[in-house]
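Inside the fold
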Amino acid sequence: MDAWPDCAVPDLPGAGGPLRLYDTATGSVRETAPSHTARMYVCGITPYDATHLGHAATYLAFDLVQRVWRDAGHKVHYVQNVTDVDDPLLERAAHTGEDWRSLAEREIQLFREDMTALRVLPPDEYIGAVEAMPEITDAIAQLRKDGNAYGVDEDIYFPVSAAPRFGSESNYDRETMLSLFGERGGDPDRTGKRDPLDSLLWRGRRAGEPHWDSPMGAGRPGWHIECSVIALNRLGMAFDVQGGGSDLIFPHHEHSAAHAEALTGTAPFATHYVHSGMIGLDGEKMSKSRGNLVLVSKLRAAHIDPMAVRLALLDGHYRADREWTGGRLPAAEARLLRWRAAAALPAAPPADGLLIEVREFLADDLDTIAAMAAVDRWVAAALESSAADGDADAPRLVVNLVDALLGVAL
């Protein structure tokens, strides 16, 4: 599956420092320690509706991870999946009468367009569950062969007893796990399961649903094993960052890690588990089920500059749950105008110190609030200064650093 077009990233003088990120598993901000090539997997969309600002905020956060690593001299191997067959997609297609494949194709293309407009760097590998089906079925067959799967009627489940480290990624207690499992696609009350937290690996064929042949019979895979296999087969174990929204901490990321660790007999699946906060509207998390979405495509259709949308979403720490309030976008539009005005000056105060500041702030768990405030201070000084006393190279350096590190085109 094709991703979206890449965009050029300007080269900056010198190099940034090591990136420190909050790791959900340890509950601490720790330095990432990639080899020459940093490896990252970020869970992608289930394409049954358009990209909303909650999605956009998540992918912007991991776009920054990639930019900071690149600035520090690393190559980046970035993999993202698409859950292009799953219950929400099939339910939406059944409700609208549209073929599920056509629905997925249309929404994936819209997502590509939104990511391109927001200048999100694309993954190196963009993999749909459907195209990965042979490797997913092979992995489930291997789990069965190893005794790490069992049947319930026509379905196949993964026993959490096969994962000695289960719970080490989320650190949730069992009561919390059971509650979230039921809310987020799990089936804790399924009769015949050994443990309510055991997760579905293979759903046997149901009338009217897509299915694939496999050693387990006809059917389709569960959600968690898809990401386990796609990441494992492209990045290997102990890759640098497993990313997604905080609503994926459990059950998705916990079970994905458990499946991969059972398949390989090694741990950990990832060395950092990094999660972005939720975007809210009117006091509730923005989600398709609630119908309270602000869509990137709708903002683009209204001729809102995507760079203003990007600035608005970066004006908050990536880990924090935050509200999309009425004043957030106008404030970002005004900030963008000020930055562009300063960048257009023939000369301005030196910006070498600003580059150092922005690098340091972003390397410290992606502190975009402090980084943008530093740019604001330089902009204010530039707009108040006399061009005759300025540095002719400074505006271009600011244009490049804002582009390379924050992804904002001035």
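My aim in this report is to walk through the structure given alongside it, one point at a time. Computed from a prediction, not measured in an experiment: that's the story for all the values here.

1. Notes on the environment of Val 65
Mapping Val 65 onto the fold places it in helix α1 (residues 53–71). On the accessibility criterion, Val 65 (1% relative accessible area) is buried. The spatial distance from the C-alpha of Val 65 to the C-alpha of Gly 236 is 19 Å, given a sequence separation of 171 residues. Beyond its immediate chain neighbours, meaning those up to four positions away, Val 65 contacts Leu 19, Leu 21, Met 40 and Leu 366.

2. Topic: unusual backbone geometry
Look at the link from Phe 250 to Pro 251: it is a cis peptide, with omega at 5°. Positionally, Pro 251 belongs in helix α7 (residues 249–264). Each neighbour pair has its own omega, and for Ala 267 with Pro 268 the value is 0°, a cis peptide bond. With respect to the helices and strands, the residue Pro 268 is situated in the loop between α7 and β11 (273–276). One non-glycine residue, Ala 238, adopts positive backbone phi at about 55°. Along the chain, Ala 238 falls in the loop between α6 (223–235) and β10 (241–245).

3. Side note on the pattern of salt bridges
Tallying each qualifying case throughout the model produces 29 salt bridges. Taking the shortest distance from any N to any O, the salt bridge between Arg 101 and Asp 99 comes out at 3.0 Å. Overall, Asp 99 belongs to the partly exposed group, its relative accessible area being 30%. The salt bridge involving Glu 261 is made with Arg 165; its shortest N-O contact spans 3.2 Å. Taken together, the positions of Glu 261 in helix α7 and Arg 165 in the loop between β7 (155–158) and α5 (174–183) put the pair 96 residues apart, joining distant regions of the chain.

4. Quick word on the packing of helix α10 (residues 328–343) against helix α13 (residues 394–406)
Two elements in contact, α10 and α13, have axes whose closest approach is 8 Å; the angle formed by their N-to-C orientations is 140°. Classified by the angle their axes make, α10 and α13 are oblique. Touching Trp 339, Ala 342 and Ala 343 of α10 are Pro 395, Val 399, Val 402 and Leu 406, all from α13. Here the contact of α10 with α13 is composed, by residue class, of 7 nonpolar, no polar and no charged.

5. As for the sheet that holds strand β8 (residues 199–204)
In a beta sheet, neighbouring strands are held together by backbone hydrogen bonds and run either parallel or antiparallel to one another. Reading across from one edge, β6-β7-β8-β9 is the order of the 4 strands in this open sheet, with antiparallel pairing throughout. With partners counted over all chains shown, the strands left at the sheet margins are β6 (150–152) and β9 (219–221), one partner each. Here the strands of the sheet are splayed against their neighbours by 30° on average, with no regard to which way each runs. Where β8 lies against β9, 3 bridges are found, and the strand directions are antiparallel. Its bridge partner lying in β9, Trp 202 is registered against Pro 221.

6. Some thoughts on the sheet that holds β10
Ordered by their spatial adjacency, 5 strands build an open sheet running β5-β4-β3-β10-β11, and the pairing between neighbours is parallel. Sheet topology places β5 (125–128) and β11 at the edges, where each strand pairs with a single neighbour. Strand-to-strand, the axes of this sheet are offset by a mean angle of 20°, without reference to chain direction. Running over the sheet, α6 touches β3 (37–42), β4 (75–82) and β5 and is turned about 155° from β4.

7. Considerations on the packing of aromatic side chains
For any pair of aromatic rings, the description rests on two quantities: the centre-to-centre distance and the angle between the ring planes. A complete count under the given rule lists 9 aromatic pairs for this structure. With centroids separated by 5.3 Å and ring planes inclined at 75°, the aromatic side chains of Tyr 59 and Phe 111 adopt a geometry described as edge-to-face. Of this pair, Tyr 59 sits in helix α1 while Phe 111 sits in helix α3 (residues 100–117), and the two are 52 residues apart along the sequence. With relative accessibility at 0%, the residue Phe 111 sits in the buried group. Centre to centre, the rings of Trp 100 and Trp 212 are 6.4 Å apart; their planes meet at 75°, and the pair counts as edge-to-face. Pair noted here: Trp 100 is in helix α3 and Trp 212 is in the loop between β8 and β9, with a separation of 112 residues, a long-range link. Grouping aromatic residues by their ring pairs yields a cluster made of Trp 4, Tyr 59, Phe 111 and Tyr 126.

Rules used throughout
Residues numbered from 1 in each chain as written. Predicted model: local features only at pLDDT ≥ 70, side-chain atom pairs only at ≥ 80, totals over all residues. Heavy atoms only, no water. Helix = DSSP H or I, 4+ residues; strand = E, 2+ residues; numbered from the N terminus. Buried < 20%, exposed > 50% of the residue type's maximum accessible area, 1.4 Å probe, protein only. Contact = heavy atoms within 4.5 Å. Salt bridge = Lys/Arg side-chain N within 4 Å of Asp/Glu carboxyl O. Axes fitted to C-alpha atoms, helices over the stretch in contact; angles between N-to-C directions. Parallel < 35°, antiparallel > 145°, perpendicular 65-115°, else oblique. Nonpolar A, V, L, I, M, F, W, Y, C, P; charged D, E, K, R; others polar. Pairing = 2+ DSSP bridges. Phe/Tyr/Trp six-rings, centres within 6.5 Å; stacked < 30°, edge-to-face > 60°.

Keep in mind these numbers describe shape, not what the thing actually does.
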